[in-house]
Amino acid sequence: MEQKGLDINFYIGIFLIFGLLMWFNFNQLPVQELNTNGKLALEDSLSIIKNQNTHTELVEELEYSNIYKKNQEERFYFLSNNKLDIKISNHGAAIKAVVLKEYVTHDSLALNLINNLDFDFSFFIQDKKIHTSELVFDEVEQESNQLIFKYQDLNKNNIEFIYSLGENNYNLKFEIVTKNGNTYIEPGQLLFAQEVNQLEKNLDNERNTTTINYSVNNTSSKQMSLMKDNEKNIENPTWVAHKQQFFSTIITSQNHFRDVTLITRSTDSDEYVKFLSSSFSIDYDNESNNYLFDFYFLPNKYSLLNSFDKGFETLVPLGKFVFGWVNKFLVIPIFNFLEKLGLNYGLIIFIIAVVIKVLLFWPTKSSYISMAKMRVLKPEIDALNDKIKDPLQKQQAQMNLYRKTGVNPLGGCLPLLLQMPVLIALFRFFPASIELRQQPFLWADDLSTYDSILDFGFNIPLYGDHISLFALLMTLATVLQMMYSNQMSSSAQMPQMKYVMYMMPIIFLLVMNNYSAALSYYYFLANII
């Protein structure tokens with residue numbers, strides 16, 4: 001018979017052997033604590049474990065687990081010039097904050113263009129994907145205008161992030177240098193994702209103007225949807241811009257972007273304006289292992305953006321075709337000239353209105369004369385309307401009267417046709433002009449947004465939570481001008497059109513109450529001059 005005691009001794013022996021192995025491991029291979037991402041760091045054990053072929057997968061996991069963040073103190077470093085203050089962390093060597101020093105928010109706080117940024121460069125080491133956002137760059141070298149963050153893993157692979165900020169500019173140069181050790185480093189993606197801060201008074205308007213623009217040719221750009229959430233992949237972009245109402249962050253590179261995935265997401269929260277994300281796929285440079293990028297943190301000022309000669313000026317929404325031409329070749333040159341004279345911006349807008357009125361007067365002079373004759377003929381036209389009931393005979397009699405007196409009944413259309421491109425062009429120009437931002441005039445403290453003489457404390461649908469005096473004045477001037485123009489028309493000629501025409505000022509009032517005070521002010525002047 002078999003003795004069952006042998007089975008007990010067998011298990012006791014196995015237990016003792018297992019205990020001895022555990023004692024040996026704990027004394028020869030000390031285990032470190034879990035890091036902040038919950039991965040084990042067994043740096044001293046890697047060389048021994050690698051020799052155990054029966055545990056290949058465990059070896060790979062342990063070999064690369066040591067590169068992730070440990071419980072190390074986060075330290076911040078700063079680059080600064082007369083335009084920017086930039087804050088960078090040793091955790092991931094990531095940009096944490098960017099302040100534009102020449103500007104403030106609508107409530108007079110420091111203008112944090114970047115404050116909540118997900119910044120990450122991913123790369124591959126032996127088919128393992130690593131994220132720099134999970135690394136601690138232990139060695140940092142700082143000069144007056146440059147920061148160098150260095151990281152080295154156990155295989156002697158080196159990564160350097162080099163940030164350089166010049167004097168008197170908005171350009172932060174960013175260079176990634178990889179140095180292969182026992183293995184090779186292949187780049188993956190550069191992620192730049194942010195929750196955009198509110199910088200302006202009108203949150204809804206800021207949301208409606210915040211999006212991502214991209215260019216593939218350095219001459220023009222295309223825009224993601226302003227109103228809808230969107231995701232798009234673009235091949236071979238030359239630059240991408242996270243565009244806000246008056247400021248932009250532009251990311252560009254020299255032949256390193258293979259493609260980019262762009263994401264825009266709206267939010268119902270008042271904590272931020274919109275979520276914008278750009279994830280760039282990086283081409284592998286197996287010769288120099290250097291990757292050069294430029295970050296621009298700057299205002300959307302047309303003259304400044306145009307000076308880079310990369311199509312950045314297309315970030316300012318001046319309109320397309322004839323509307324853009326009116327702004328570029330007429331409005332902006334006049335505006336810049338008057339601005340150099342140091343005039344108040346309210347006065348500049350008044351002068352622009354007068355100049356445009358004078359320029360339009362000469363080609364439309366004959367039309368104004370014809371409109372004046374129509375007013376003189378109004379009693380005779382009314383008499384014809386009362387006398388003749390047949391529509392065809394009435395129309396023929398009126399045309400005969402017009403031929404006798406040399407009046408063109410359509411003459412009043414020409415001034416309107418010539419004014420429309422200007423009015424639409426300025427509808428784009430004034431709300432997008434950073435020059436008007438926080439510039440006061442009369443009762444308005446900021447011509448770039450709505451003026452308010454009374455805040456309700458509650459919102460009226462379609463109208464808003466305030467009363468804009470410039471919008472009211474513009475509406476009143478429009479009504480008076482329509483009443484004056486209607487004096488030349490017979491009451492029997494399409495009377496229903498009068499009601500339609502008087503609906504237009506009401507629509508203008510609802511729209512303009514939340515628009516730029518400068519735009520309402522200009523439309524008011526255009527009606528009364």
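Scroll up for the structure.
What you see is a predicted model, and the numbers here were worked out from it, not measured in a lab.

Chemist: Account for the sheet that holds strand β17 (residues 257–265), naming residues and giving values.
Modeler: The six strands are arranged β6-β5-β11-β18-β17-β14 in an open sheet whose pairing can be described as antiparallel. With partners counted over all chains shown, the strands left at the sheet margins are β6 (128–131) and β14 (230–235), one partner each. Each adjacent strand pair in this sheet contributes to an overall mean axis angle of 15°, direction not counted. As paired elements, β17 and strand β18 (residues 275–282) share eight bridges and run antiparallel to each other. From the neighbouring strand, Ile263 faces β18, where its bridge partner is Ser277.

Chemist: Lay out the environment of Asn327 in plain terms, naming residues and giving numbers.
Modeler: You can see Asn327 is positioned in helix α6 (residues 321–340). Since its relative accessible area comes to 0%, Asn327 is described here as buried. Placed 95 residues apart in sequence, Asn327 and Val422 show a C-alpha to C-alpha distance of 8.2 Å. The contact partners of Asn327, leaving out residues within four places of it in the chain, are Leu318, Ile332, Pro333, Ala425, Leu426, Arg428 and Phe429. A polar contact is formed between the side chain of Asn327 and the backbone oxygen of Leu318, at a distance of 2.8 Å. Side-chain polar atoms of Asn327 contact the backbone oxygen of Ala425, separated by 2.9 Å.

Chemist: So what's going on with helix α13 (residues 517–528)? Residues and values would help.
Modeler: Between its terminal C-alpha atoms α13 stretches 17 Å, which fits the 16 Å expected from twelve residues at 1.5 Å a residue. Of all the twelve residues making up α13, ten are buried; the element is thus mostly covered by neighbouring parts of the structure. Regarding α13, its N-cap is Ser516, as a side-chain oxygen of that residue lies 3.2 Å from the backbone nitrogen of Ala518 further along.

Chemist: Help me get a handle on the packing of aromatic side chains, residues and values and all.
Modeler: Overall, the coordinates contain 33 aromatic pairs when judged by the stated rule. Here Phe192 and Phe295 contribute two aromatic rings whose centre-to-centre distance is 5.8 Å and whose plane-to-plane angle is 50°, an arrangement assigned as tilted. In this pair, Phe192 is assigned in strand β11 (residues 185–195) and Phe295 in strand β19 (residues 290–299), connecting sequence segments 103 residues apart. Phe295 carries the same exposure label as Phe192, and that label is buried. Ring plane angle 45° and centroid distance 5.9 Å describe the contact between Phe430 and Tyr522, whose orientation is recorded as tilted. With Phe430 in helix α10 (residues 413–432) and Tyr522 in helix α13, this residue pair connects regions lying 92 residues apart in the sequence.

Chemist: Go over the side chain of Asp451, please, and point to the residues and values.
Modeler: Tracing the backbone shows Asp451 in the loop between α10 and β20 (454–460). In this structure Asp451 is buried but unpaired, with Lys201 as the nearest side chain of opposite charge at 7.9 Å. Polar contacts involving the side chain of Asp451 include one to the side chain of Ser468, which spans 2.6 Å.

The rules behind these values
- Residues numbered from 1 in each chain as written.
- Predicted model: local features only at pLDDT ≥ 70, side-chain atom pairs only at ≥ 80, totals over all residues.
- Heavy atoms only, no water.
- Pairing = 2+ DSSP bridges.
- Helix = DSSP H or I, 4+ residues; strand = E, 2+ residues; numbered from the N terminus.
- Axes fitted to C-alpha atoms, helices over the stretch in contact; angles between N-to-C directions.
- Buried < 20%, exposed > 50% of the residue type's maximum accessible area, 1.4 Å probe, protein only.
- Contact = heavy atoms within 4.5 Å.
- Polar contact = N/O pair within 3.5 Å; in protein donor to acceptor, adjacent residues only side chain to side chain.
- Expected span 1.5 Å × (residues − 1).
- Phe/Tyr/Trp six-rings, centres within 6.5 Å; stacked < 30°, edge-to-face > 60°.
- Lys, Arg positive; Asp, Glu negative; His and termini not counted.
- Salt bridge = Lys/Arg side-chain N within 4 Å of Asp/Glu carboxyl O.

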